[in-house]
Amino acid sequence: MDKICPSLAEAVAGIPDGAVVMIGGFGGSGAPIELIHALIDAGPKDLTVINNNAGNGRIGIAAMIDAGMVAKMICSFPKSSDPRAFTDRYLAGEIALELVPQGTLAERIRAAGAGIPAFYTPSSYGTELAEGKPVGEFDGRSYVQERWLKADFALLKADTADTYGNLTYRMAARNFNPLMAAAATTTIVQARQILAPGGIEPENVITPGLYVDTLVEVTDPQQEETLIRAGATYEGAKA
Amino acid sequence: MTDAKLSNAQIAWRAAQDIEDGAYVNLGIGFPEMVAQYTVEGREAIFHTENGILNFGPAPEPGTEDWDLINAGKKAVTLKPGAAFFHHADSFGMVRGGHLDVAILGALQVAQNGDLANWRVGNKGVPAVGGAMDLVHGAKRVAVITDHVTKKGDPKLVESCTFPLTGVGCVTRVYTSLAVVDIEDGHFVLREKLPQISMDHLRALTGAELHIDGDVAELNVPEL
């Protein structure tokens, strides 16, 4: 079994126009900047992107939007310290938005990975975000029915992997990454290091390797927040 | 008439007095984060953040930030001994599952039936909800800290919200710049009031009836 891919470009080469792509991270923490920038180089169009946010500055998901690759964002919070990329296109009617409460977004992704097509949650009941959704009453309280959220591809950032694709994450960079690993048909992971089997104590595995299809080693990954503070652009960050 | 009112720090201080020792607490982004500064001496509160940390501490020294260690507002934080990381579905399971003791949020409007509007003013611009619609459900107590009125002087405690709702019937207590108000059986019930202001003045600044049920205590907060 060999899940290791020698280059970022090869890892994302199979992502076609119109694909639904989950991208891990919460703000910059856990964001797979190198995989995103490789996807911009590959240049598929009309993507639906699922992330908590909708990009920041001129790098990462914001640079995907700038490149005109994103037809729709599914997210909870399309704002950031520099949200121009999404804001400009959204206000111009050039990008669609499905706004999902953050906990519902996480649970919809988890449900997809766990084979649960729908579930009920109290979140958003009675609000405009629940309009048109079925409502159920359980033990005297009202809940909104939400459906699973799947993707064709997931682009994720891990700290340590082994060659089976078992993963660990660094601190709060875990966030959506383990959920998305299970919810996408093809899961592509950049890891700071890829170890031989046994390199990760089984007790410490966060994402078991069966969810992971492709691994790329990025030994010194860029941190979105650091790039933002340096005013970096996609071209600059790649240089 | 008087323009006496509590500062944001003083409102945060008052809200902190009600956090029990050992409580698991989520503080909303922005103003509610101030509550953490006023944890009562001798009590320990364990703070939860939506992006997957329990028991985080204050911001690090500038220049020592680790951008994988942030809170839900994307600000750098530190860890206390005994902290834990977990993924986003677990994090919101803690919220909806009723495992947090207290959530403290900001508000645009709070209605007398406990409805909260705090995510959006109208239909202009880019809508962004984050975790607000989840946090209002599940914590054992959902409290709001807010100025009593808007910058224009309009009441923020109202009969029914005119701004888009965050949650229905979810708020149990409101700490304002003038008063502490509980929400019980579809009513605002006044618990504490700044001694410098009259009942008539408070009622004039409140957009729904203020019920009295027993003693109204003086809202006394130290200079901060």
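Scope of this entry: the structure provided in the associated data block. In this text, all values refer to a predicted model and were calculated from it rather than measured experimentally. Counting starts from 1 at the beginning of each chain's written sequence and moves along it residue by residue. Here chains are named by letter from A upward and ligands by number from 1 upward, in the order in which they appear as written. Note on the predicted model: pLDDT of at least 70 is required for a residue's local features to be given, and 80 or more for side-chain atom pairs to be given and counted; whole-chain, interface and lining totals, by contrast, use all residues.

Let us look at helix H1 (residues 8–17) of chain B. Each α-helix turn comprises 3.6 residues. Residues three or four places apart therefore point the same way. Residues and elements named next belong to chain B. Residue burial is a threshold on neighbouring C-beta atoms within 10 Å of the residue's own C-beta, all placed from the backbone, with 20 or more meaning buried, 12 or fewer meaning exposed, and counts in between meaning partly exposed. A run of H or I in DSSP becomes a helix once it reaches four residues, and a run of E becomes a strand once it reaches two; helices and strands are each numbered from the N terminus. Taken across its 10 residues, H1 has seven buried, putting it largely inside the fold. Residues Gln10, Ile11, Ala12, Trp13, Arg14, Ala15 and Ala16 constitute the buried set of H1. Among the structural elements, strand S5 (102–105), strand S8 (141–146), strand S10 (173–176) and strand S11 (179–184) are those in contact with the buried residues of H1. Any residue pair is listed as a contact if its two C-beta atoms, each placed from the backbone, are within 7 Å.

Contacts between the two partners involve 29 residues from chain B and, on the opposite side, 39 residues from chain A. Going through the elements one at a time, helix H2 (88–96) and helix H3 (132–135) of chain B are the ones with two or more residues in the side of chain B that touches chain A. Ranked by the residues each element gives to the side of chain B that touches chain A, the list is headed by H2(B), at five residues. For this classification, the nonpolar set comprises Ala, Val, Leu, Ile, Met, Phe, Trp, Tyr, Cys and Pro, the charged set comprises Asp, Glu, Lys and Arg, and every other residue, Gly included, is treated as polar. A class-by-class count of the residues in the side of chain B that touches chain A yields 16 nonpolar, eight polar and five charged.

This part takes up the sheet that holds strand S6 (residues 135–138) of chain A. Residues and elements named next belong to chain A. Here we have three strands laid out as an open sheet, ordered S5-S7-S6, and antiparallel in their pairing. The outermost strands of the open sheet, each flanked by one partner alone, are strand S5 (118–121) and S6. Going from strand to strand, the sheet's axes swing by 40° on average, the running direction of each strand aside. Bridge count for S5 against strand S7 (residues 141–147) is four bridges, and the pairing is antiparallel. Looking at the pairing, Tyr120 lines up with Gln145 of S7. Here a strand pair is declared whenever DSSP counts at least two bridges between the two strands. In this analysis an axis means a line fitted to C-alpha atoms, helices contributing only their contacting stretch, and an angle means the value between N-to-C directions, from 0 to 180 degrees.

Our next topic: the nonpolar core. Residues and elements named next belong to chain A. Put simply, a nonpolar core is buried Ala, Val, Leu, Ile, Met, Phe, Trp, Tyr and Cys residues tied into one set by C-beta atoms within 7 Å. Formed by 146 residues in total, the largest nonpolar core has its most connected members in Met64, Ala154, Leu155, Met180 and Ala183. Here this core takes seven residues from strand S8 (residues 151–162), the largest share from any one element. If sequence neighbours within four positions are ignored, Met180 has contacts with Met22, Gly24, Ile109, Ala154 and Leu156.

In this section: the environment of A:Glu10. Residues and elements named next belong to chain A. For Glu10, the position within the fold is in helix H1 (residues 8–12). Glu10 gets classed as partly exposed once you count the C-beta atoms within 10 Å, which come to 13. Along the backbone, Glu10 and Gly43 are 33 residues apart, and their C-alpha atoms lie at a distance of 13 Å.

Turning our attention to helix H2 (residues 33–42) of chain A. Most of H2(A) sits inside the fold, with eight of its 10 residues counted as buried. Where H2(A) is concerned, the buried positions are A:Ile33, A:Glu34, A:Leu35, A:Ile36, A:His37, A:Ala38, A:Leu39 and A:Ile40.

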